[in-house]
Every structure is written in structure tokens, then in C-alpha cells.
Amino acid sequence: MSDTLPLPSAEAPPVVGVLALQGDVREHLIALAAADAVARPIRRPEELAEVDGLVIPGGESTTISKLAALFGLMEPLRERVRAGMPVYGTCAGLIMLAEKILDPRSGQETIGGIDMIVRRNAFGRQNESFESAVAVKGVEGAPVEGVFIRAPWVESVGAAAEVLAEHDGHIVAVRQGNALATSFHPELTGDHRVHALFVDMVRAAQ
């Protein structure tokens, strides 16, 4: 009988959820898998409890807010974010992570997590959507191709938040601790470097 001990298994990949109430969920699941995470759609509090990090996708922030409340997810989301769970919001997800919205719809709530004030649809309506190269701090190599669709921008940030990118003088990417947010949609481009940055944040928090 051999006394050789089995080699330790490789570190398990982090489990990252995508809030699957509304928005471009599938694209985020694909981008996270490409960034070496186990990606899962999340619709219920018990599913949220099983993930190491969470992406809040683009879509319509008012609808996401109302559905999160309807599905009993709003308070569990706030609790996990306050407890330090890594979270990444794109476009509407950025709005959901703000402490304050300048022009909220009636009854619209946020999760919070980043000390920032945001303006909804700041870059214009759907027919004014555009793409632009964005240099994002922490993402090596060429600028990221940012897809801006009815995108918000960040009016201002508090002392604890770090600005990672700007476009035309407006803040479009922010990080505070384990929370990351972008006005644009990197999941729509095939460039998974921003998702890889987030997955690295999730690994570091484990």
C-alpha cells in the first residue's frame, strides 16, 4: 500500500451569479464562463445565498428594482453587498448600485454599495446609442470597446469610490471595495477583460 498522499485539487473556480430578472442575462453568463467562473442565473434568495459574487445586468433599472422587491430579493441583495459580496453592475446595474439617483422613477429603489450619484439615460435615448473605446483602470492592454445603450453616467462620487474610466468628461466606471460598476456593456463585445477583472475581485474576496 502506498504512503503517497493524493495531490491537492486545483482551486475551484468561483461561483458568480447573474441577477436574472430582466436584461441581457445570457451575455453575462457567457462572459463570466469565458473568465473562468461558474456562472448561474439568480432569481430567488436561496440561489443568491449560494454564490460568491453577483452581476447585475443592463436592462431597465425601474423594472429590475420592482421585480427584485416582488421576488423578495431586495433586502437579501442589500445585506450581501453590505457584508462584502463582490458585485458588478452594468448600465442599469450601475444605477442599482448607486446610493442616489438624480431623476428616479416613482417607487424606484437601489441596492446601494457605491457612494455615487447617477443620472439615468444621461447619454440619450435608444436611438442615440453608440460605441466608443474606453480606457479602464485595472484592465491591461488596449482600451475596452464600450457599448452605451440609454446609458447613465456618474455625476459625482464620494471619497471611498475610485473612478476607473471617463468618456467625454463623464464618469463611466467606478469601483468601491468589492463593488464595480460600468455605464457601458462589455458583455456585448466579445472582450471579456472587464469580467475577468471582476472574477479576480471575487477570487480575492474568497
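Before any of the text, the structure's been laid out above.
Residues numbered from 1 in each chain as written. Predicted model: local features only at pLDDT ≥ 70, side-chain atom pairs only at ≥ 80, totals over all residues. Heavy atoms only, no water.

Once that is clear, we can look at the pattern of salt bridges. Taken as a whole and judged by the stated rule, the model has 10 salt bridges. Where Glu155 meets Arg119, a salt bridge forms, and the shortest distance between an N and an O atom there is 2.8 Å. With a gap of 36 residues between them, Glu155 in strand S9 (residues 153-157) and Arg119 in strand S6 (residues 114-119) connect regions that are remote in the sequence. The exposure class of Glu155 is partly exposed, given its relative accessible area of 35%. On the basis of relative accessible area, Arg119 is assigned to the partly exposed category, the value being 32%. The residue Asp200 makes a salt bridge to Arg203 at a minimum N-O spacing of 2.9 Å. Placement of both Asp200 and Arg203 in helix H6 (residues 193-205) is noted, with a separation of three residues, approximately one turn of the helix. Accessibility expressed as a relative area gives 44% for Asp200, which makes it partly exposed. (Salt bridge = Lys/Arg side-chain N within 4 Å of Asp/Glu carboxyl O. Helix = DSSP H or I, 4+ residues; strand = E, 2+ residues; numbered from the N terminus. Buried < 20%, exposed > 50% of the residue type's maximum accessible area, 1.4 Å probe, protein only.)

Within the chain, Asp36 stands out as a residue other than glycine whose phi angle is a positive 70°. Checked against the element boundaries, Asp36 lands in the loop between helix H1 (25-34) and strand S2 (38-42).

Here helix H4 (residues 74-82) has its buried residues at Met74, Leu77, Arg78 and Val81. Down the axis of H4, the smallest arc covering the buried residues is 95°, so these residues share one side. On its buried face, H4 is in contact with strand S1 (15-19), helix H2 (45-48), strand S3 (53-56), helix H3 (61-70), strand S4 (87-90) and helix H5 (92-96). Gly84 sits one or two residues past H4 and shows a positive phi near 105°. (Arc of directions from axis to C-beta. Contact = heavy atoms within 4.5 Å.)

The subject of this paragraph is the packing of H1 against H6. For any two helices packed against each other, the geometry comes down to the angle between their axes and how far apart the axes lie. Two elements in contact, H1 and H6, have axes separated by 9 Å at closest approach and are oriented at 70°. What the angle tells us is that H1 and H6 run roughly perpendicular. Both H1 and H6 take part in a crossing whose hand is right-handed. Residues His28, Ala31 and Leu32 of H1 form the contact with H6, whose participating residues are His195, Phe198 and Val199. Across the contact of H1 with H6, the residue classes break down as four nonpolar, two polar and no charged. (Axes fitted to C-alpha atoms, helices over the stretch in contact; angles between N-to-C directions. Parallel < 35°, antiparallel > 145°, perpendicular 65-115°, else oblique. Left-handed = near helix turned anticlockwise from the far one by under 90°. Nonpolar A, V, L, I, M, F, W, Y, C, P; charged D, E, K, R; others polar.)

Further remarks concern the environment of Arg80. Counting through the fold element by element, Arg80 comes out in helix H4. Note on Arg80: relative accessible area 24%, which makes it partly exposed. The sequence separation of Arg80 and Lys66 amounts to 14 residues, and the corresponding C-alpha distance is 19 Å.

Structural measurements only, silent on function.
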